[in-house]
Amino acid sequence: MRFFTGDVMGQAAAGVAVVCAGAAALLPGGWPAGARRARALLAGGGVVGAGPPAWRRVAEELRRVRRRLGAEWWAPVAGLVPAVLGASVLPVVAGAVAVPVLRRLRLARRARRVRERRGDAVIALCGALAGEVRAGRQPGEALLHAARDSGGLGDGQAAVLAAARFGGDVPGALTAAARQPGAEGLLGLAACWRVAVDRGAGLAAGLDRLEGALRAERDQRADLRAQLAGARATAVMLAGLPVLGLALGTVLDADPLRVLLHTGAGLGCLLIGGSLEGLGLWWAMRIVRGAEAG
């Protein structure tokens, strides 16, 4: 009886397998589509529309939080290493205090990249507009085509294109769009437009001269930044020498972290040295930024 029951159960299992295979083959797309649907059901816990598994949702949420917080939040994490080695919470506190400073530096760097990209877009707009005018288009129509291709108008593109399409004040719209960081070259475009429309001067020739001037200014700024990169790197390297000294002392079993974090003299030296270090780095970066601005 037991063998008969086992035989019947085996035949039933084989029959279920055959039925499932036939159903998968009859699905739209054949067997591969059925297999993909089965894997999707198993990944979602067997519920249609359950979405990705929980671990994938958690990983995506962590990545979203990391992008939102920024790299400056690694400063307290980096402070955990000297905190563990020195048995003190002061490095973690210092890392937390450094978060707003690092965030400001990151936002300033991002704003500079946006400003540079917008300046490049303005240069491309001047070149494209000059080409469209030489091709025989009217200034308004040429501006419509050039702005769509280059995108150099930024947030003021809608106002400028509306003025060009309906015969509005194009120089005024360009002047308003030039208030964006990096879009100062639109002031020259507005002047070229005003002179060409009011006095009948050649718009393409003025745009060529404007593009050349903007391109020369950008190249000069890039060359100056490259020359100042050495001074900036030297300042950062000198600022990192105390950290290198602490690491070297730790390797030699001098235990400098215990002296700095657990004695009165060490805490005083740490406070005064850290203040002077930060002041010197700020002063050096201010000199470099002043040279770039000049």
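Above this text sits the structure in question.
As a starting point, this report considers the structure included with it. Everything numeric here is computed off the predicted structure, so don't read it as measured data. (Residues numbered from 1 in each chain as written. Predicted model: local features only at pLDDT ≥ 70, side-chain atom pairs only at ≥ 80, totals over all residues. Heavy atoms only, no water.)

1. Brief notes about the overall build of the protein
Broken down by element type, the protein carries 12 helices and zero strands. For the protein, the succession of helices and strands along the chain, N to C, is α-α-α-α-α-α-α-α-α-α-α-α. When burial is assessed residue by residue, the protein has 26% of its 294 residues classed as buried. Counting contacts in the protein only where the partners sit at least 6 residues apart, residues at least 24 apart contribute 49% of the total. Accessible surface, the protein as shown: approximately 19,100 Å² in total, 67% of it carbon and sulfur. (Helix = DSSP H or I, 4+ residues; strand = E, 2+ residues; numbered from the N terminus. Buried < 20%, exposed > 50% of the residue type's maximum accessible area, 1.4 Å probe, protein only. Contact = heavy atoms within 4.5 Å. Areas by Shrake-Rupley, 256 points an atom, 1.4 Å probe, with all protein chains shown as cover.)

2. Focus: the packing of aromatic side chains
Considering all chains together, one arrives at one aromatic pair under this definition. Relative to Trp-283, the ring of Trp-282 has its centre 6.0 Å away and its plane inclined at 50°; by these criteria the two rings are tilted. Relative accessible area serves as the criterion here: at 44%, Trp-282 is assigned to the partly exposed category. (Phe/Tyr/Trp six-rings, centres within 6.5 Å; stacked < 30°, edge-to-face > 60°.)

3. Digging into unusual backbone geometry
Phi is positive for Asp-253, which is not a glycine, with a value near 60°. Residue placement: Asp-253 occurs in the loop between helix H10 (203-251) and helix H11 (256-262). The class for Asp-253 is exposed, based on a relative accessible area of 70%.

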